[in-house]
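# Coordinates in review
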Amino acid sequence: MLAVAGVALGVQSSGAQEQNETPALTVAVVKPVERQWPETVPASGWLKPWHEAMVASEISGLRITDVLVEVGSVVAKGQVLVRLAQETVRSDLLKEEAARETAKANLTKAKANAERVRKLQGSGALSDEKAVEYLNAEETAIADVKSAEATVEGQRIKIEQTTILAPDDGMITSRSAQLGAVVSSGTELFRLVRQRRVEWQAEVSARYLPRIREGLDAVIAGPGDNRITGHVRLVAPTVSTDTGRAIVYVALPVEARPPVGLYVTGHIELETTQALSVPQSALVFRDGINYLFTVSNDRRVTRIRVETGRRMAGEVEIVSGLDPSARVVKSGGAFLADKALVRIEGEAE
């Protein structure tokens, strides 16, 4: 009888100990959710202009008299950027116009002589040699007038070239034009990003190339962690022999206006597939391994090892290790131990 009483007393003491155990933490629990998420390809690369245009002088030996734009200026196609001194070119134009008028006067005289020769031909009043001379003089005078007119037109073009215009809409990114400088033909004065279009030259592993095509969405983390979404414009046909990576050209929206020259990271979105997801706050990272805590019906937690995948909008994909019907501790797992007793938010004691 005493032995039986002792066993009964021991069982009662154990039950009382469990009943008096204090929960380690009050936790919120969530169920894993099935999502439809795009599969992503990680990438990184530079932000560069879609196309750059170089603005240069087409004429030599003239002084810059006006510089009308600065770095960062947004310009329209045909807008005046620089003016060059016109005095020398206008003086040359006046000289060529005078030479043209002289050529026209000579042509008038040559035509009159040729007309008289044509009337006298066959009369014997003028030798054949002299007649040919007058007719040749007329042809030469005609050619001289055409040459003079071409020279005048060339001088007018030079005057137009003293006003340097923007070749396209865009934004000025560099300026080497200095007031008072004497320019040479071909001297770079400005560079501009055509149409203000910036692209992301994303480097991706070559193994993803068969699955990347034009038109796919791509997302980068811009300045201030601002997410910018673009689309694949072009996939490079070659792979670097040094890195085994290829460049994917991603067009970014003009209104985003990301600064050229930044090195950014992001991803390219492939086809959409199913994902089992939980809040990122539920993950516990210890010793290089990801864990979750699940809660059983007796309010004790179990630490389970999981493999993670994609992340999106504060959630993370659980690739393996989690039962879809499990109840997962939403946050605070770092303060829990395996088999710990917890209190669940919203449940009555």
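## As for the overall build of the protein
When you go through the protein residue by residue, the secondary structure sums to three helices and 22 strands. Relative to its length of 349 residues, the protein is extended, with a C-alpha radius of gyration of 42 Å against a globular reference of 20 Å. C-alpha atoms of the protein, sized along the principal axes, occupy 170 × 45 × 40 Å. Pairs at least 24 apart in sequence give 74% of the contacts found in the protein among residues at least 6 apart.

## Some points on helix H3 (residues 128-161)
Helix length check: H3, at 34 residues, gives a terminal C-alpha distance of 50 Å against a target of 50 Å (1.5 Å per residue), a fit within 8%. Listing the buried residues of H3 in full gives Ala131, Glu138, Ala141, Val145, Ala148, Val152, Gln155, Ile159 and Gln161. Contact partners of the buried residues in H3: strand E7 (80-84), helix H2 (87-120) and strand E8 (163-165).

## What to know about the packing of H2 against H3
Relative to each other, H2 and H3 sit at 160°, their axes nearing to 8 Å. The orientation of H2 relative to H3 falls into the category roughly antiparallel. In this structure, H2 meets H3 at a crossing whose hand is left-handed. Tallied by class, residues from the contact of H2 with H3 come to 18 nonpolar, four polar and 13 charged.

## Topic: the sheet that holds strand E4 (residues 52-56)
Backbone-to-backbone hydrogen bonds pair the strands of a sheet. The strands run either parallel or antiparallel. Pairing is antiparallel across the open sheet formed by four strands, whose spatial order is E4-E11-E9-E6. Only two strands of the sheet have a single partner each, and these edge strands are E4 and strand E6 (74-75). The sheet contact formed by strand E9 (residues 170-175) and strand E11 (residues 188-194) spans five bridges and is antiparallel. If you follow arginine 175 over to E11, its bridge partner there is phenylalanine 190.

## Focus: H2
The end-to-end C-alpha distance of H2, which contains 34 residues, comes to 50 Å, matching closely the 50 Å that a straight helix rising 1.5 Å per residue would cover. Along H2, the residues that are buried comprise Val89, Leu93, Arg100, Ala103, Leu107, Ala110, Asn113, Ala114 and Val117. In this structure, the buried residues of H2 make contact with strand E5 (62-67) and H3.

## Considerations on unusual backbone geometry
Excluding glycine, most residues fall at negative phi; most peptide bonds, likewise, are trans. With phi around 60°, glutamine 195 is a residue other than glycine that occupies positive phi space. Its place among the elements puts glutamine 195 in the loop between E11 and strand E12 (198-205). Located in the positive-phi region is aspartate 287, a residue other than glycine, with phi close to 55°. As for its position among the elements, aspartate 287 is in the loop between strand E17 (284-286) and strand E18 (289-295).

## Some words on the pairing of E12
Most of E12 sits inside the fold, with seven of its eight residues counted as buried. Examined bridge by bridge, strand E3 (residues 33-49) and E12 share six bridges and lie antiparallel to one another. Residue pairing across strands places tryptophan 46 opposite glutamine 201, the latter belonging to E12.

## As for the confidence of the model for the protein
The predicted structure's coordinates, where accompanied by low pLDDT, should not be read in detail. When the pLDDT values of the protein are averaged, the result is 88; 92% of them are 70 or greater. Between residues 1-18, whose pLDDT stays under 50, and residues either more than four places distant or in other chains, the model counts zero contacts.

## Brief notes about the packing of aromatic side chains
Across all of its chains, the model carries one aromatic pair by this definition. Seen in terms of ring centroids, tryptophan 46 and tyrosine 263 are 4.9 Å apart; in terms of plane orientation they differ by 70°. Their pairing is edge-to-face. Taken together, the residues tryptophan 46 in strand E3 and tyrosine 263 in strand E16 (residues 263-279) connect sequence positions 217 residues apart. Given the relative accessible area of 42%, tryptophan 46 is considered partly exposed. The partly exposed category is assigned to tyrosine 263, whose relative accessible area is 44%.

## Notes on the sheet that holds E8
Spatially, E8-E7-E5-E10 is the arrangement adopted by the four strands of the open sheet, whose pairing is antiparallel. Pairing within the sheet leaves two strands with one partner each, and these edge strands are E8 and strand E10 (182-183). Bridge count for E7 against E8 is three bridges, and the pairing is antiparallel. The partner of valine 82 across the bridge, within E8, is isoleucine 164.

## Section: the side chain of glutamine 201
By secondary structure assignment, the location of glutamine 201 is in strand E12. Beyond its immediate chain neighbours, meaning those up to four positions away, glutamine 201 contacts Ser44, Gly45, Trp46, Lys48, Ile247, Val248 and Tyr249.

## Digging into the pattern of salt bridges
Inspection of every chain in the model, using the stated rule, returns 14 salt bridges. Of the charged contacts, one joins arginine 156 and glutamate 97 as a salt bridge, the two residues approaching to 3.6 Å between their closest N and O atoms. Of the two residues, arginine 156 is situated in helix H3 and glutamate 97 in helix H2; the sequence distance between them amounts to 59 residues. Using a relative accessible area of 36% as the deciding quantity, one classes arginine 156 as partly exposed. Between arginine 245 and glutamate 203 there is a salt bridge whose closest N-O contact spans 3.8 Å. Linking arginine 245 in strand E15 (residues 245-251) with glutamate 203 in strand E12, this pair joins segments that are 42 residues apart in sequence.

Calculation notes
- Residues numbered from 1 in each chain as written.
- Predicted model: local features only at pLDDT ≥ 70, side-chain atom pairs only at ≥ 80, totals over all residues.
- Heavy atoms only, no water.
- Helix = DSSP H or I, 4+ residues; strand = E, 2+ residues; numbered from the N terminus.
- Rg over C-alpha atoms; globule rule 2.2 N^0.38 Å.
- Contact = heavy atoms within 4.5 Å.
- Expected span 1.5 Å × (residues − 1).
- Buried < 20%, exposed > 50% of the residue type's maximum accessible area, 1.4 Å probe, protein only.
- Axes fitted to C-alpha atoms, helices over the stretch in contact; angles between N-to-C directions.
- Parallel < 35°, antiparallel > 145°, perpendicular 65-115°, else oblique.
- Left-handed = near helix turned anticlockwise from the far one by under 90°.
- Nonpolar A, V, L, I, M, F, W, Y, C, P; charged D, E, K, R; others polar.
- Pairing = 2+ DSSP bridges.
- pLDDT = per-residue confidence, 0-100.
- Phe/Tyr/Trp six-rings, centres within 6.5 Å; stacked < 30°, edge-to-face > 60°.
- Salt bridge = Lys/Arg side-chain N within 4 Å of Asp/Glu carboxyl O.

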